[in-house]
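Given next are the chains, with one letter for each unit.
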Amino acid sequence: MKIADMNWMQAEERAQADDRCVLPIGSVEQHAYLSLATDMILAEKVSLDAAEPLGVPVFPVVPYGLASSFAAFPGTVSLSLATYAGVIRDILDSLHRSGFRKILIVNGHGGNTPVAAAVSEWLNGHADARVKFHDWWRAPQTMAKVRATDPAASHASWMENFPWTRTGDPRQPETAKPEIDYAHLARVGAAAKRELLGDGNYHGLYQRPDADMLAIWEVAVAETRSLLEADWT
């Protein structure tokens with residue numbers, strides 16, 4: 001159930017009947033040959049697919065996040081940590097005012113993880129609320145399925161190449177990319193990161209059969225849905 005398809009009266013009625021909701025958060029950043037919006041596309045879609053059978057409202061994805069590592073790649077949009085933490089706190093305040101007390105944040109970008117500290121601080125001032133922070137792609141069951149499919153999986157590699165994250169660019173390398181030097185990557189700035197990364201893939205193939213991807217997606221949706229259904233105490 002998309003909040004975009006509801007009016008304010010329906011949202012109020014829904015929160016009174018069931019105070020669960022979903023907030024997807026993503027990023028707009030380089031993903032090699034995939035869409036710059038890959039992280040926001042995946043976070044929103046897994047949220048919608050997971051929540052739909054339960055009738056839980058899904059708010060529009062927060063598109064921008066913490067992507068300073070990719071600032072040298074054109075098209076990347078990055079917020080400062082202070083700005084982003086403030087945005088998330090303000091959104092949580094708004095959801096709380098609307099009557100939602102059980103909030104599942106579905107995160108689509110590893111760089112956004114530091115904002116979990118802001119969520120923890122927010123919870124200290126809202127004892128009646130519960131927030132779950134879910135990195136959907138590296139949740140235990142989903143990541144186990146990814147590793148069982150192909151352990152050479154990373155940012156901008158095959159593991160993010162779903163039918164809904166592809167662009168019209170016909171270029172798609174057919175060979176696997178060697179693993180990058182993660183330690184080197186971590187100690188340099190964005191310009192040097194671009195030099196090290198080349199097209200942006202960290203490691204592995206660029207694409208796998210859709211049957212593999214849909215099997216992973218099925219696990220990811222089920223695992224995300226289980227968080228909506230599980231204990232909120």
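In the block above lies the structure referred to throughout.
Attention in this report is confined to the structure presented alongside it. (Residues numbered from 1 in each chain as written. Predicted model: local features only at pLDDT ≥ 70, side-chain atom pairs only at ≥ 80, totals over all residues. Heavy atoms only, no water.)

There is about 620 Å³ of room inside the largest pocket. Along the walls of the largest pocket sit 28 residues, with Gly-110, Trp-137, Ser-154, His-155 and Tyr-202 positioned nearest its centre. Counting residues per element, the ones that place at least two in the lining of the largest pocket are α2 (38-51), α5 (140-149) and α6 (182-186). Per-element tally for the lining of the largest pocket: the top contributor is α6, with 3 residues. (1 Å grid on protein atoms, 1.4 Å probe; cavity = no way out; pocket = protein on both sides within 12 Å on 5 of 7 lines; lining within 4 Å. Points joined across faces, edges and corners; volume = space filled by probe spheres on them. Helix = DSSP H or I, 4+ residues; strand = E, 2+ residues; numbered from the N terminus.)

Turning our attention to the sheet that holds strand β3 (residues 130-135). Strand order in the open sheet formed by 3 strands is β1-β2-β3, and the pairing between neighbours is parallel. Each edge of the open sheet carries a strand with a single partner, namely β1 (20-25) and β3. On average, each strand axis in the sheet is inclined to that of its neighbour by 20 degrees, with strand direction left out of account. Summarising the sheet, strand β2 (residues 102-107) and β3 pair through 6 bridges and their orientation is parallel. Looking at the pairing, Ile-105 lines up with Phe-133 of β3. On top of the sheet, helix α3 (residues 81-97) reaches β1, β2 and β3; it is set at about 160 degrees to β1, its chief contact. Contacts from helix α4 (residues 116-124) reach β2 and β3, with the element oriented near 170 degrees to β3. (Pairing = 2+ DSSP bridges. Axes fitted to C-alpha atoms, helices over the stretch in contact; angles between N-to-C directions. Contact = heavy atoms within 4.5 Å.)

We now examine helix α8 (residues 210-229). Here α8 is 20 residues long and its end C-alpha atoms lie 28 Å apart, about the 28 Å a rise of 1.5 Å per residue gives. Inspection of α8 places Met-213, Ile-216, Trp-217, Ala-220, Val-221, Glu-223, Thr-224 and Leu-228 among the buried residues, and these make up the whole buried set. End-on, the buried residues of α8 take up no more than an arc of 165 degrees, which puts them together on one face. Facing away from the buried side of α8, by more than 90 degrees, are the exposed residues Ala-211, Glu-218 and Glu-229. Those residues of α8 that are buried are in contact with β1, α2, β2, β3 and α5. (Expected span 1.5 Å × (residues − 1). Buried < 20%, exposed > 50% of the residue type's maximum accessible area, 1.4 Å probe, protein only. Arc of directions from axis to C-beta.)

One can find His-155 in the loop between α5 and α6. Here Gln-30 takes part through its backbone oxygen, which lies 3.0 Å from a polar atom of the side chain of His-155. Ignoring any residue separated from it by four or fewer positions in sequence, one finds His-155 in contact with Glu-29, Gln-30, His-31, Phe-70, Glu-160, Gly-200, Asn-201 and Tyr-202. (Polar contact = N/O pair within 3.5 Å; in protein donor to acceptor, adjacent residues only side chain to side chain.)

Here we come to the packing of aromatic side chains. Under the defined criterion, the tally for this structure stands at 9 aromatic pairs. Considering the side-chain rings of Trp-136 and Trp-217, the 5.4 Å spacing of their centres and the 75 degrees angle between planes classify their relative orientation as edge-to-face. A residue pair is termed long-range when its members are at least 10 positions apart, and Trp-136 in the loop between β3 and α5 and Trp-217 in helix α8 qualify at 81 residues. A relative accessible area of 4% means that Trp-136 is categorised as buried. For Trp-217, a relative accessible area of 6% gives the class buried. Seen from their ring centres, Trp-164 and Trp-217 are 5.2 Å apart, and the 65 degrees between their planes marks the pair as edge-to-face. Taken together, the positions of Trp-164 in the loop between α5 and α6 and Trp-217 in helix α8 put the pair 53 residues apart, joining distant regions of the chain. Trp-164 sits in the partly exposed class, given a relative accessible area of 25%. The lysine or arginine in question, Arg-194, covers the ring of Phe-73, its NZ or CZ lying 5.7 Å from the ring centre. Positioned above the aromatic ring of Trp-158, the side-chain terminus of Arg-208 is 5.7 Å from the ring centre. (Phe/Tyr/Trp six-rings, centres within 6.5 Å; stacked < 30°, edge-to-face > 60°. Lys NZ or Arg CZ within 6 Å of the ring centre and 35° of its normal.)

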